[in-house]
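For reference, the chains in residue letters:
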Amino acid sequence: MIVPTQLMHHDTAVDGATSITIETPGGTRAFGTTDAFRRQMADKLKIPFAYFERMRMEQPALLDRNVDTWLHDEPEQRMVRTLDGQARAFLSDRYRRLDNYDLLQHVFPILRQLPDARFESAELTASRMYLKVVTPQVQFEMQPGDIVQAGVVVSNSEIGQGTLSVQPLVYRLRCKNGLIAADRAMRKTHVGRLSDASAEEVTIFKDDTLAADDKAFFLKVRDVVESAVSEATFTLAAEKMRRTLGIPLKGDPVKAVEVLATRFLLNEQERAGVLRSLIAEADLSGYGLVNAVTGYAQEVEDYDRSTELEAIAGRMIEQSRSEWDAVAEAA
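The rules behind the values
- Residues numbered from 1 in each chain as written.
- Predicted model: local features only at pLDDT ≥ 70, side-chain atom pairs only at ≥ 80, totals over all residues.
- Heavy atoms only, no water.
- Helix = DSSP H or I, 4+ residues; strand = E, 2+ residues; numbered from the N terminus.
- Buried < 20%, exposed > 50% of the residue type's maximum accessible area, 1.4 Å probe, protein only.
- Contact = heavy atoms within 4.5 Å.
- Areas by Shrake-Rupley, 256 points an atom, 1.4 Å probe, with all protein chains shown as cover.
- Lys, Arg positive; Asp, Glu negative; His and termini not counted.
- Charge placed at Lys NZ, Arg CZ, Asp CG, Glu CD.
- Axes fitted to C-alpha atoms, helices over the stretch in contact; angles between N-to-C directions.
- Parallel < 35°, antiparallel > 145°, perpendicular 65-115°, else oblique.
- Left-handed = near helix turned anticlockwise from the far one by under 90°.
- Nonpolar A, V, L, I, M, F, W, Y, C, P; charged D, E, K, R; others polar.
- Phe/Tyr/Trp six-rings, centres within 6.5 Å; stacked < 30°, edge-to-face > 60°.
- Lys NZ or Arg CZ within 6 Å of the ring centre and 35° of its normal.

Right, let's talk about the overall build of the protein for a bit. Assigned secondary structure in the protein consists of eleven helices and twelve strands. Seen through its C-alpha atoms, the protein measures out along the principal axes to roughly 70 × 45 × 30 Å. The burial tally for the protein puts 51% of its 331 residues in the buried class. Counted over contacts in the protein with a minimum sequence separation of 6, partners at least 24 positions apart contribute 62%. For the protein, the exposed area adds up to about 15900 Å²; of that, 50% sits on carbon and sulfur atoms. Of the side chains in the protein, 40 bear a positive and 50 a negative charge, and the two mean positions are spaced by 4 Å.

In structure tokens form, the structure reads like this:
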């Protein structure tokens, strides 16, 4: 729903549970708030989240006064997304809500038509939906016996935690690792605007209105899915990956991983995991390092972060020769 902020009120219970009360045309409605909602609200109201949380647990009345003051003194329209009685997102009224179910209704038929389509992974996390599909009909031999196949990764967030993206996937059969190639990816921010929202009262749009607003957009998404698994797109990414075979790690492998970790913001645990994977792979080359990242990604329990690591591997094959030299010659 689109809600003028002056019609919202924040309530915090003594145990720290929070809710948002909204004055709708049909009466007052209260929704419990999720962690994502609280973070988005705190960010919008310029309340540091650590302080927001401290007030929530130690001074609930102070938190409610703070939130209500800024909601009412600087009124604007916000989109509030709810599910099962919970307010789960606090977004701009220009946010284009793209529901996972509607997105899959449009892309799933395309994916099913891929020759021998294999659904390698599907996941719904607290913030995003992911679908990773591979087709063995489009493949590439990196070196004798080392086959990679073409795929696509479709991901979306219903609550503003990232863009809708359709990205080519390079899937290595030997280790069952995936590399997400971002060079020809579709990344669409959720920006649009549903007209006729009132600035004076809550506006709730019906399903058919929302479906009509989405139809043209999803047709574009379908076209990008088809392009992502095309042989031309896949071959381009696979060739870039194969070029890393000719980059020997001449320096200290430990230092090489440290340079990589600094460049791509890997934490200490991830740095150690990539090094362990590199040693296990026993391939001291740029190709071995790329596969060490995708190999370690399979060990990471957090699915969002695991997918981010696969995308980092995709960014690695885009590095210039000088950037690779800094990694390969680190000592």
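That covers the picture; the talk isn't over yet.
Turning our eyes to something else, we now look at the packing of helix α1 (residues 35-44) against helix α2 (residues 49-58). Taken N-terminus to C-terminus, the directions of α1 and α2 make an angle of 120 degrees; their axes are 9 Å apart at the nearest point. It follows that α1 is oblique to α2 by the angle criterion. Crossing hand, α1 versus α2: right-handed. Counting all contacts with α1, which are made through Asp35, Arg38, Arg39 and Ala42, the residues of α2 involved are Phe49, Phe52, Glu53 and Arg56. Across the contact of α1 with α2, the residue classes break down as three nonpolar, no polar and five charged.

Before going further, it helps to spend a moment on the packing of aromatic side chains. Applying the stated rule across the entire model yields four aromatic pairs. When the centroid spacing of 5.5 Å and the interplanar angle of 45 degrees are considered together, the rings of Phe108 and Phe119 count as tilted. A residue pair is termed long-range when its members are at least 10 positions apart, and Phe108 in helix α4 (residues 100-112) and Phe119 in strand β7 (residues 118-124) qualify at eleven residues. Taking NZ or CZ as reference, Arg78 lies 4.7 Å from the ring centre of Phe90, over its face.

Any link to function would need more than the numbers given here.
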